[in-house]
Amino acid sequence: MQRSKKRKQKLSQSVVVRAPLASAILMALSPAQAQEPSVLGEVYVTAQKRGEESIQDVPMSIQALGTAKLEELNITKFDDYVKFLPSVSYQTFGPGFALVYMRGVASGGDGNHSGPLPSVGVYLDEQPITTITGALDLHLYDIARVEALAGPQGTLYGASSQAGTIRIITNKPDPSGFSASYGIEGNTVSKGDMGYLGEGHVNVPIGDNAAIRLVGWARHDAGYIDNIAFQRTWPGCATAAPVADCTTDSTPLAKKDFNEVDTYGARAALRVDLNDTWTVTPSIMGQDMKADGVFGYDATLGKLRTAHVYPDKSKDKWWQAALTVEGKIGNLDVVYAGAYLDRQIDSELDYSDYSYFYDYFGYYSLYITDADGNPTIGQYIWGRDGFKKMSHELRISTPADRRVRGVMGLFWQEQTHDITQRYLVDNLNPDYWVTGWDDTIWLTQQERMDRDEALFGEISFDLTDRLTATGGLRYYRFDNTLEGFFGYGDWGWSGTGEAVCNDEGLTEPYRGAPCKYMDKRTKDDDYIGKLNLTYKFSDDALVYATWSEGFRPGGINRRGTLPPYSADFLTNYELGWKTTWADGRVRFNGAVFHEEWDGFQFALLGLNGLTEIKNAAEARIQGAELDLTWAATDTFQLSGGVALIDSELTANYCGFVDANGNPETNCPDPEAAKGTQLPVTPKFKANLTLRQGFQLGSFDSYWRASLVHKGKSRADLRELENSIMGDQPGYEILDLSAGFSRNDYTVELFVNNATDERTILYRYAQCAEAVCGTQPYVVTTTPRTIGVKFTQRFGSK
């Protein structure tokens with residue numbers, strides 16, 4: 001067990017929580033006719049793994065979107081719900097490829113198959129569903145709630161919950177009665193195509209002690225980016241060969257609205273009450289998502305346009321089997337949760353920018369030729385990422401009404417990532433092939449395995465009837481390996497590919513690749529902790545103070561000259577409050593925090609486009625989170641959330657490590673200087689929702705307006721790269737809807753992105769920004785979408 005002296009000292013020092021002062025003024029017009037005040041309903045969560053608790057009794061910063069809120073906001077996928085979580089930011093390349101960050105704990109550049117693990121854990125019920133390329137983009141239907149737990153959740157949730165955790169909780173089978181529902185939706189996208197959605201569920205009791213719940217969905221998301229006809233000439237090539245031989249033409253693949261997505265899935269769960277104290281719930285779920293085109297438009301061609309000469313598509317197919325067993329041994333609650341996830345992503349990607357800009361800057365000579373010596377230009381990627389993930393957790397908790405109470409458990413997880421990537425050039429001279437792989441100029445054939453196991457626990461002690469102290473500890477160890485082959489054929493540069501196989505005399509093939517010359521491993525063990533003091537003024541008000549830690553495991557750099565990167569740690573100091581006012585009509589919660597991020601992992605594209613991960617430097621993040629809900633009358637409600645984030649480096653990022661593998665901070669020309677704002681996360685993010693209910697004849701009706709604001713953020717931590725790509729400007733998104741219900745059916749009309757904003761969610765280039773940065777791609781919010789949805793419900797639940 002190793003821990004730096006600096007980290008030991010920080011654990012023993014007293015730290016004063018520092019946070020910026022912030023205020024938020026929310027104003028709304030009251031309805032014309034006065035109504036009697038309404039009491040807000042309770043929101044229940046399971047964030048502390050001790051069964052359901054009111055969110056107002058849980059001393060941590062949590063936001064929860066329940067079933068009614070998810071339906072009312074027309075939330076069906078990741079992009080929909082994350083914008084209503086102020087503490088959450090993300091980067092995305094398209095459906096299924098979102099990288100999630102919380103509280104500004106972001107360095108950018110994650111998501112590569114050989115990159116760091118995520119800093120935010122995503123859970124589906126009891127099971128982690130986070131993979132290296134991003135969490136599953138699950139279609140949200142028949143969902144009990146989405147919980148966002150801000151700040152380190154390391155003691156209970158472990159690795160990859162360093163900065164926070166998002167939990168998606170499904171509705172469970174219910175033996176008490178039959179229920180069913182279905183929904184049908186049609187929509188049209190401005191400057192795009194038409195989409196549709198069909199979804200349904202049925203809950204069937206089986207006797208008095210069992211029930212089965214079946215859920216299914218089919219969704220077509222309309223495309224809105226055009227692949228236009230366009231010709232591009234490789235300038236370096238044209239100096240030595242006819243222009244026609246050095247020009248690509250996207251006309252054969254020109255198509256309007258080519259980035260459409262089709263999603264199909266189903267879920268089945270069985271609940272069996274074995275007796276009064278033991279319940280078994282097996283479940284299985286699967287989803288198939290097919291996406292065509294790209295979701296970042298080429299800014300050099302204008303908005304919502306690109307000009308790719310090779311197909312772009314992905315197929316993200318996964319299934320998960322899970323088992324939860326709940327019961328009692330004496331007065332102890334026992335829970336076992338196990339799951340197996342199998343995910344496969346097949347992708348094709350036009351990669352011509354890479355070869356074009358390397359030709360443009362003179363980095364390539366005309367060695368890329370066909371068998372007759374004629375130039376072959378353009379490049380594309382065929383990839384397959386196969387993920388297998390198994391997890392087991394066993395925990396025991398004592399009765400919640402005891403003065404001393406606690407939860408403890410064991411956790412084990414193994415994730416395997418099989419990686420195949422072929423970088424292809426059509427009609428490539430066989431002399432340049434990777435042996436056995438036609439037209440393949442570069443091959444990646446690797447297997448990555450990340451294993452972790454832990455012993456964890458939290459104990460709460462009521463010092464008085466109002467003051468409670470809680471302490472938590474998690475001991476963990478990780479063991480990560482990376483093996484395989486990557487590089488060129490036997491003509492290529494030394495240090496990669498077949499050149500290494502030849503230099504080291506390796507002749508045994510590895511999964512079809514010429515050899516296995518990379519076989520690396522890193523492992524470590526350590527512990528993290530948590531302390532909390534909570535004081536309840538009354539049933540309607542509490543304050544808390546928390547010190548907590550989160551971590552990400554270390555890992556391996558596949559470039560042989562680079563050492564493994566170490567685990568990074570986040571230390572959190574937080575003051576928060578939960579309050580209910582005006583006889584239950586107003587709920588106002590919040591937290592202020594100061595976080596210190598030591599030796600954080602930073603991923604970048606290095607030589608030959610290989611991802612390199614380094615423990616960069618240090619940063620601090622401080623800010624505030626505010627959450628308000630006000631039921632002004634029986635029919636009018638206002639809700640909103642605010643996050644204010646001030647994040648910056650507290651030491652220079654020099655871009656290299658010293659002889660001991662520690663981040664070097666003393667350099668004359670740092671890549672990012674002390675005081676530089678961390679990327680991705682804005683300083684201010686907020687949302688506001690107004691909902692007015694009214695009676696229209698015999699219809700119970702409502703209208704809703706939701707406004708989301710996101711401030712400006714950096715695209716990259718490094719000064720040069722950020723100056724090339726530019727800051728990502730802020731934006732506002734307005735969503736509107738109205739619904740009309742009678743008996744068991746509802747008709748809803750909605751307009752998402754009502755003002756048709758062209759936001760910049762993420763800006764990226766195909767290769768290193770210094771080379772390809774003059775041709776950035778911009779991922780934007782779906783243009784204005786107008787739709788109508790019909791829903792019908794049966795039964796009592």
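For the structure, see preceding data.
Residues numbered from 1 in each chain as written. Predicted model: local features only at pLDDT ≥ 70, side-chain atom pairs only at ≥ 80, totals over all residues. Heavy atoms only, no water.

**Student:** Please clarify how the overall build of the chain should be interpreted in this entry.
**Tutor:** Scanning the chain from terminus to terminus reveals nine helices and 40 strands. In summary, the chain has a C-alpha radius of gyration of 27 Å against a globular reference of 28 Å for 797 residues, a match within 12%. Reported as C-alpha extents along the three principal axes, the dimensions of the chain are approximately 80 × 65 × 55 Å. Across the 797 residues of the chain, 60% fall into the buried class. Summed over all atoms, the accessible surface of the chain reaches about 31900 Å², with 55% contributed by carbon and sulfur. (Helix = DSSP H or I, 4+ residues; strand = E, 2+ residues; numbered from the N terminus. Rg over C-alpha atoms; globule rule 2.2 N^0.38 Å. Buried < 20%, exposed > 50% of the residue type's maximum accessible area, 1.4 Å probe, protein only. Areas by Shrake-Rupley, 256 points an atom, 1.4 Å probe, with all protein chains shown as cover.)

**Student:** How should the state of the cysteines be read in this particular structure?
**Tutor:** Disulfides are covalent bonds that connect the sulfur atoms of two cysteines. One pass over the full model with this rule turns up three disulfides. Disulfide pairing places Cys 501 opposite Cys 515 at an S-S distance of 1.9 Å. Its S-S torsion of approximately -80° makes the covalent link between Cys 501 and Cys 515 left-handed. Of this pair, Cys 501 sits in helix α7 (residues 497-504) while Cys 515 sits in the loop between α7 and β26 (518-538), and the two are 14 residues apart along the sequence. On the accessibility criterion, Cys 515 (0% relative accessible area) is buried. In this model, Cys 654 is linked to Cys 667 through a disulfide, with the two sulfur atoms separated by 2.0 Å. The S-S bond linking Cys 654 to Cys 667 shows a torsion near -95°; that makes this disulfide left-handed. Of this pair, Cys 654 sits in the loop between β33 (636-649) and β34 (684-696) while Cys 667 sits in the loop between β33 and β34, and the two are 13 residues apart along the sequence. (Disulfide = S-S within 2.5 Å.)

**Student:** Would you mind showing me how to read the nonpolar core here?
**Tutor:** For soluble globular proteins, the rule of thumb is that nonpolar side chains tend to be buried together. Membership of the largest hydrophobic core comes to 59 residues, with the highest contact counts inside it found for Tyr 81 and Ile 166. The leading source of residues in this core is strand β8 (residues 143-150), at four residues. When sequence neighbours within four positions are dropped, the list of residues in contact with Ile 166 reads Tyr 81, Val 88, Val 100, Met 102, Val 120, Gly 121, Val 122, Tyr 123, Val 146 and Glu 147. Membership of the second largest hydrophobic core comes to 36 residues, among which are Tyr 351, Leu 428, Val 434 and Val 771. (Core = buried A, V, L, I, M, F, W, Y, C linked by side-chain atoms within 4.5 Å. Contact = heavy atoms within 4.5 Å.)

**Student:** Quick question: what am I supposed to make of the environment of Glu 732 here?
**Tutor:** On the secondary structure map, Glu 732 appears in strand β36 (residues 731-742). For Glu 732, a relative accessible area of 39% corresponds to the partly exposed category. In this structure Glu 732 touches Leu 707, Val 708, His 709 and Glu 757, once residues within four positions along its chain are discounted.

**Student:** I'm lost on the sheet that holds strand β7 (residues 127-128) in this one. Help?
**Tutor:** As a general point, the strands of a sheet are linked pairwise by backbone hydrogen bonds and lie either parallel or antiparallel. The strand order across the open sheet built from five strands is β3-β8-β9-β6-β7, with neighbouring strands paired in mixed fashion. Two strands bound the open sheet, and with one partner strand each, they are β3 (62-66) and β7. With seven bridges joining them, β8 and strand β9 (residues 164-170) adopt antiparallel strand pairing. From the neighbouring strand, Val 146 faces β9, where its bridge partner is Ile 168. (Pairing = 2+ DSSP bridges.)

**Student:** In this structure, what is going on with α7? I would like to understand it.
**Tutor:** Helical periodicity: at 3.6 residues per turn, an α-helix aligns residues three or four positions apart in one direction. Within the span of α7, buried status applies to Gly 497, Glu 498, Ala 499, Val 500 and Cys 501. Looking at the buried residues of α7, the elements they touch are β25 (467-487). Gly 505 sits one or two residues past α7 and shows a positive phi near 70°.

**Student:** It is not clear to me how the pattern of salt bridges should be interpreted in this structure. Could you clarify?
**Tutor:** Side chains that differ in charge, positive against negative, can pair when their charged atoms come close. Counting across every chain of the model gives 45 salt bridges. In this structure, Glu 126 engages Arg 395 in a salt bridge whose closest nitrogen and oxygen atoms are separated by 2.8 Å. In this pair, Glu 126 sits in the loop between β6 (120-124) and β7 while Arg 395 sits in strand β22 (residues 380-397), placing the two residues 269 residues apart along the sequence. The class for Glu 126 is partly exposed, based on a relative accessible area of 22%. The residue Asp 273 makes a salt bridge to Arg 271 at a minimum N-O spacing of 3.0 Å. The class for Asp 273 is buried, based on a relative accessible area of 18%. Through salt bridges with shared partners, a single ionic network connects Lys 49, Glu 126, Glu 393 and Arg 395. (Salt bridge = Lys/Arg side-chain N within 4 Å of Asp/Glu carboxyl O.)

**Student:** Is there a simple way to explain the environment of Trp 442 in this structure?
**Tutor:** Take Trp 442: it is sitting in strand β24 (residues 440-462). Overall, the relative accessible area of 7% leaves Trp 442 in the buried class. A sequence separation of 20 residues divides Trp 442 from Arg 422, and the C-alpha atoms of the two residues are 6.1 Å apart. Beyond its immediate sequence surroundings of up to four residues, Trp 442 is in contact with Gln 421, Arg 422, Tyr 423, Val 434, Phe 486, Gly 487, Tyr 488, Thr 496 and Leu 610. A polar contact is formed between the side chain of Trp 442 and the side chain of Thr 444, at a distance of 3.2 Å. (Polar contact = N/O pair within 3.5 Å; in protein donor to acceptor, adjacent residues only side chain to side chain.)

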